[in-house]
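Spelled out, the chains give:
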Amino acid sequence: MSTNADHLSDPDPAFPDEPMTKAPPATTPPATTAPPAVPAAKHRQSLSSRTGNTWIGLIAGALILIVLLVFILQNLDQVQVGLFFWHFSLPLGVAVLLSVIGGALVMALVGGVRILQLRRAAKK
């Protein structure tokens, strides 16, 4: 049943001859004094932009590179590395960095193949 006073109530199917009546009007509370007008608040505009986001990304990238440089400089001990039939020595920090880069490339390759599979399936 609707609480809207202007809405006509639905006729009861059990009594087809019953006229449709309006619902009783809703009573309103007595009027009170209006609160003082509050000036409209200014809408704050977003300060982010592509240039600002790029600048933040460059700063974050520079900080990460500084941390990597410190890591490499603190791990200069030579280690023997063997990859298939190659054998060479590298500073420990460089060897770890190269292994992380290799892992990221493998992850990107697997992710790229999965994205292509999903695109192909979405086109069907």
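These numbers were taken from a predicted model, which means no experiment stands behind them.

Chemist: What exactly am I supposed to notice about the overall build of the chain here?
Modeler: When helices and strands are tallied, the chain shows two helices and two strands. Written out in order from the N terminus, the α and β elements of the chain read α-β-β-α. Residues classed as buried in the chain amount to 4% of the 124 residues present. Look at the contacts in the chain between residues 6 or more apart in sequence, and 7% of them connect residues 24 or more apart. Summing over all exposed atoms, the chain offers an accessible surface of approximately 11,800 Å²; the carbon and sulfur share of this is 68%.

Chemist: Teacher, can you tell me more about the packing of helix α1 (residues 50-74) against helix α2 (residues 92-123) here?
Modeler: For any two helices packed against each other, one specifies the crossing angle of their axes together with the interaxial distance. α2 packs onto α1 with a crossing angle of 135° between their chain directions and a minimal axis gap of 6 Å. Viewed along their axes, α1 and α2 adopt a mutual orientation that is oblique. On α2, the residues touching Leu 68, Phe 71 and Ile 72 of α1 are Gly 93, Val 94, Val 96 and Leu 97. Split by residue class, the contact of α1 with α2 holds six nonpolar, one polar and no charged.

Chemist: When you look at the pairing of strand β1 (residues 78-83) in this model, what are you seeing that I'm missing?
Modeler: Looking down a regular strand, the side chains alternate between one sheet face and the other. Examined bridge by bridge, β1 and strand β2 (residues 86-91) share six bridges and lie antiparallel to one another. Looking at β2, one finds that Gly 82 is bridged to His 87. Once β1 ends, the chain turns through two residues before running back antiparallel as β2, passing Phe 84 with a positive phi of about 55°.

Chemist: What is the right way to read the packing of aromatic side chains from this model?
Modeler: Where two aromatic rings form a pair, the distance of their centres and the angle of their planes describe that pair. If you walk through the whole model with that rule in mind, you get one aromatic pair. Ring geometry for Phe 85 and Trp 86: centres 4.9 Å apart, planes at 45°, overall tilted. Of the residues examined, Phe 85 reaches a relative accessible area of 65% and is grouped as exposed. Here Trp 86 falls in the partly exposed class, since its relative accessible area comes to 46%.

Chemist: Explain the confidence of the model for the chain here, please?
Modeler: Low pLDDT means the predicted coordinates in that region are not meant to be read closely. Of all residues in the chain, 63% have pLDDT values of 70 or greater, and the mean over the chain is 80. When pLDDT is averaged over each helix and strand of the chain, the minimum, 90, is found for β1 and the maximum, 92, for α2.

Chemist: Before we go on, may I ask you to explain unusual backbone geometry in this structure?
Modeler: Residues other than glycine predominantly adopt negative phi, and peptide bonds predominantly adopt the trans conformation. Even without being a glycine, Phe 84 presents a positive backbone phi close to 55°. With respect to the helices and strands, the residue Phe 84 is situated in the loop between β1 and β2. Exposure remark for Phe 84: the relative accessible area of 73% places this residue in the exposed category.

Chemist: Even after reading the chapter, I still don't get a positive patch on the surface, so can you show me in this structure?
Modeler: On the surface, Arg 119, Arg 120, Lys 123 and Lys 124 cluster together to form a positively charged patch. Tracing the backbone shows Lys 124 in the segment after α2.

Chemist: Would you take a moment to explain a nonpolar patch on the surface for this structure?
Modeler: A grouping of Trp 55, Leu 58, Ile 59, Leu 63, Ile 66 and Val 70 is seen on the molecular surface, where their side chains present a nonpolar patch of about 630 Å² in accessible area. As for its placement among the helices and strands, Trp 55 is situated in helix α1. Owing to a relative accessible area of 59%, Trp 55 belongs among the exposed residues under this scheme.

The rules behind the values
- Residues numbered from 1 in each chain as written.
- Predicted model: local features only at pLDDT ≥ 70, side-chain atom pairs only at ≥ 80, totals over all residues.
- Heavy atoms only, no water.
- Helix = DSSP H or I, 4+ residues; strand = E, 2+ residues; numbered from the N terminus.
- Buried < 20%, exposed > 50% of the residue type's maximum accessible area, 1.4 Å probe, protein only.
- Contact = heavy atoms within 4.5 Å.
- Areas by Shrake-Rupley, 256 points an atom, 1.4 Å probe, with all protein chains shown as cover.
- Axes fitted to C-alpha atoms, helices over the stretch in contact; angles between N-to-C directions.
- Parallel < 35°, antiparallel > 145°, perpendicular 65-115°, else oblique.
- Nonpolar A, V, L, I, M, F, W, Y, C, P; charged D, E, K, R; others polar.
- Pairing = 2+ DSSP bridges.
- Phe/Tyr/Trp six-rings, centres within 6.5 Å; stacked < 30°, edge-to-face > 60°.
- pLDDT = per-residue confidence, 0-100.
- Patch = residues over 30% accessible without salt bridge, like charges linked within 9 Å, V, L, I, M, F, W, Y side chains within 5 Å.
- Salt bridge = Lys/Arg side-chain N within 4 Å of Asp/Glu carboxyl O.
- Lys, Arg positive; Asp, Glu negative; His and termini not counted.
- Charge placed at Lys NZ, Arg CZ, Asp CG, Glu CD.

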